[in-house]
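# Secondary and tertiary structure notes
Here are the chains, one letter per residue:
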Amino acid sequence: MATFFGEVVSAYSRAVEEDEEDVDNENEEDQQIRKEIEQKREVYVSWCPEVTQSITNSPDKTLQCSDFVIAVGPNAAGFLSACILNSGNWVAVGSVSLWNERSKDSSRQPGCVIYRQRDFPKVLICQCTCYIAEDQLFQWTEKVFACIQQRGLNVMVLSDCSMAEYKTPDSLFSSGTPFLRALKTSRYGSQPACLLLEQPNIVTGLAAAVLSHCQVCRIPAVLYQCYSDIINPDSVTMETYKPALSCLSKLIKLDTCLSTDILRKLVPVNEAQSNLYT
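Summary of the structure given here. All of these numbers come straight from a predicted model, not from anything done at the bench. (Residues numbered from 1 in each chain as written. Predicted model: local features only at pLDDT ≥ 70, side-chain atom pairs only at ≥ 80, totals over all residues. Heavy atoms only, no water.)

### Concerning helix H7 (residues 205-216)
In this model H7 runs 17 Å from its N-terminal to its C-terminal C-alpha over twelve residues, within 8% of the 16 Å that 1.5 Å per residue would give. Those residues of H7 that fall on the buried side of the exposure criterion are Leu 206, Ala 207, Ala 208, Ala 209, Val 210, Leu 211, His 213 and Cys 214. Here the buried face of H7 lies against strand E2 (67-72), strand E5 (123-128), helix H5 (134-146), strand E6 (154-162), strand E7 (179-184) and strand E8 (221-228). Trailing H7 by a residue or two, Arg 218 shows a phi angle of about 60 degrees, which is positive. (Helix = DSSP H or I, 4+ residues; strand = E, 2+ residues; numbered from the N terminus. Expected span 1.5 Å × (residues − 1). Buried < 20%, exposed > 50% of the residue type's maximum accessible area, 1.4 Å probe, protein only. Contact = heavy atoms within 4.5 Å.)

And the structure:
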């Protein structure tokens, strides 16, 4: 399990010592610039007044939650929109805002929105469609999970991934695309709905950060990563995530057919472009 998240190399301690020496040698102006950059790249978690009040009134200052589903990427987020959130029983209760070079407008339109189900308020869904830089991943997981009660919590992550990153000795065409692969923490006791991710494949980004956080904090969690050769939102790729939510069917109403209205908004229409033959 730990090998999927990388290895600690001996040179790491030497690099840390060198970084500390560089920080000591910084002048006051450099320290001020570093501080301003860190503040600009801060991750902010905000909740609606009702949830804020619930967190304030709870003994441990956290929100009670039994299941937390996190969708990372356009197809994973689109699947939740088309199959779950369109039911009308969900309401946006929180958001995560951040800034980086590839996600500059997050303050105006948060790239991560958290929803809660009216019938089962202990079920939360987070859609994350923005890019989160490496130096912001730890902040994201620490600040979001600090607001959620960890006792009795189960986490599921749905993540997009390019087929080009999948490593296998077999022919890719024999497996068929798109397809799911799973990773789980040691505390996750159920059988995943698909095959486990084979070595030497790894997961990166927010999906890896969340799963690593859950492993360290002993939270049962499972990651379902969808490998597809289509980067943009695609209805076939979205359908691939359906088996992952079968274990939550009692808590989450899953539509058997993708909402066509939602798909029209998510899936771009391929317009004919001028070329040598038109």
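### Observations regarding the side chain of Thr 62
Secondary-structure assignment places Thr 62 in the loop between helix H3 (49-57) and E2. At 2.8 Å, the side chain of Thr 62 forms a polar contact with the side chain of Asp 60. Every residue in contact with Thr 62, bar those within four places of it in the chain, is listed here: Ile 55, Ala 146, Cys 147, Ile 148 and Gln 149. (Polar contact = N/O pair within 3.5 Å; in protein donor to acceptor, adjacent residues only side chain to side chain.)

### Looking at the side chain of Arg 41
Secondary-structure assignment places Arg 41 in the loop between helix H2 (28-40) and strand E1 (44-47). Residue class for Arg 41 comes out buried when judged on its relative accessible area of 10%. If we ignore the near neighbours within four places in the chain, the residues touching Arg 41 are Trp 99, Asn 100, Glu 101, Ala 133, Asp 135, Gln 136 and Gln 139.

### A closer look at the pairing of E8
Most of E8 is tucked away: eight of the eight residues are buried. Side chains of E8 alternate between two faces, with Ala 221, Leu 223, Gln 225 and Tyr 227 and Val 222, Tyr 224, Cys 226 and Ser 228 buried alike. Of the strand pairs in this sheet, E6 and E8 are connected by eight bridges, and their pairing is parallel. Bridging from a neighbouring strand, Leu 158 pairs with Tyr 224 of E8. Both E7 and E8 contribute to a ladder of six bridges, which runs antiparallel. Residue Leu 183 lies in a different strand from E8, and its bridge partner there is Leu 223. (Pairing = 2+ DSSP bridges.)

### Observations regarding the pattern of salt bridges
By the definition in use, this model includes six salt bridges. We note a salt bridge from Arg 41 to Asp 135, for which the minimum N-O separation is 2.8 Å. A residue pair is termed long-range when its members are at least 10 positions apart, and Arg 41 in the loop between H2 and E1 and Asp 135 in helix H5 qualify at 94 residues. We note a salt bridge from Arg 181 to Glu 198, for which the minimum N-O separation is 3.0 Å. Within this pair, whereas Arg 181 is found in strand E7, its partner Glu 198 is found in the loop between E7 and H7, the two being separated by 17 residues in sequence. Residue classification places Arg 181 among the buried positions, given a relative accessible area of 10%. The class of Glu 198 is partly exposed, set by a relative accessible area of 28%. Linked by salt bridges that have partners in common, Arg 41, Glu 101 and Asp 135 make up one network. (Salt bridge = Lys/Arg side-chain N within 4 Å of Asp/Glu carboxyl O.)

### A look at the packing of aromatic side chains
Overall, the coordinates contain five aromatic pairs when judged by the stated rule. Aromatic pair Tyr 166 and Phe 179: ring centres 5.0 Å apart, planes at 75 degrees, arrangement edge-to-face. One end of the pair, Tyr 166, is in the loop between E6 and helix H6 (172-175); the other, Phe 179, is in strand E7, and 13 residues separate them in sequence. With respect to burial, Tyr 166 and Phe 179 carry one shared label: buried. The cationic tip of Lys 40 hangs over the ring face of Trp 99; the distance from NZ or CZ to the ring centre is 4.2 Å. Residue placement shows Arg 102 over the ring face of Tyr 131; its charged tip is 3.9 Å from the ring centre. (Phe/Tyr/Trp six-rings, centres within 6.5 Å; stacked < 30°, edge-to-face > 60°. Lys NZ or Arg CZ within 6 Å of the ring centre and 35° of its normal.)

### A few points about the nonpolar core
Looking at soluble globular proteins, one finds that nonpolar side chains tend to be buried together. Residues Phe 68, Ile 70, Ile 132, Trp 140, Phe 145, Val 155 and Val 210 are the most contacted members of the largest nonpolar core, which totals 46 residues. Discounting chain neighbours no more than four positions away, the residues touching Ile 132 are Leu 98, Asn 100, Cys 112, Leu 137, Trp 140 and Leu 206. Grouped together as the second largest cluster of nonpolar side chains are 29 residues, Leu 80, Cys 83, Val 113 and Cys 226 included. (Core = buried A, V, L, I, M, F, W, Y, C linked by side-chain atoms within 4.5 Å.)

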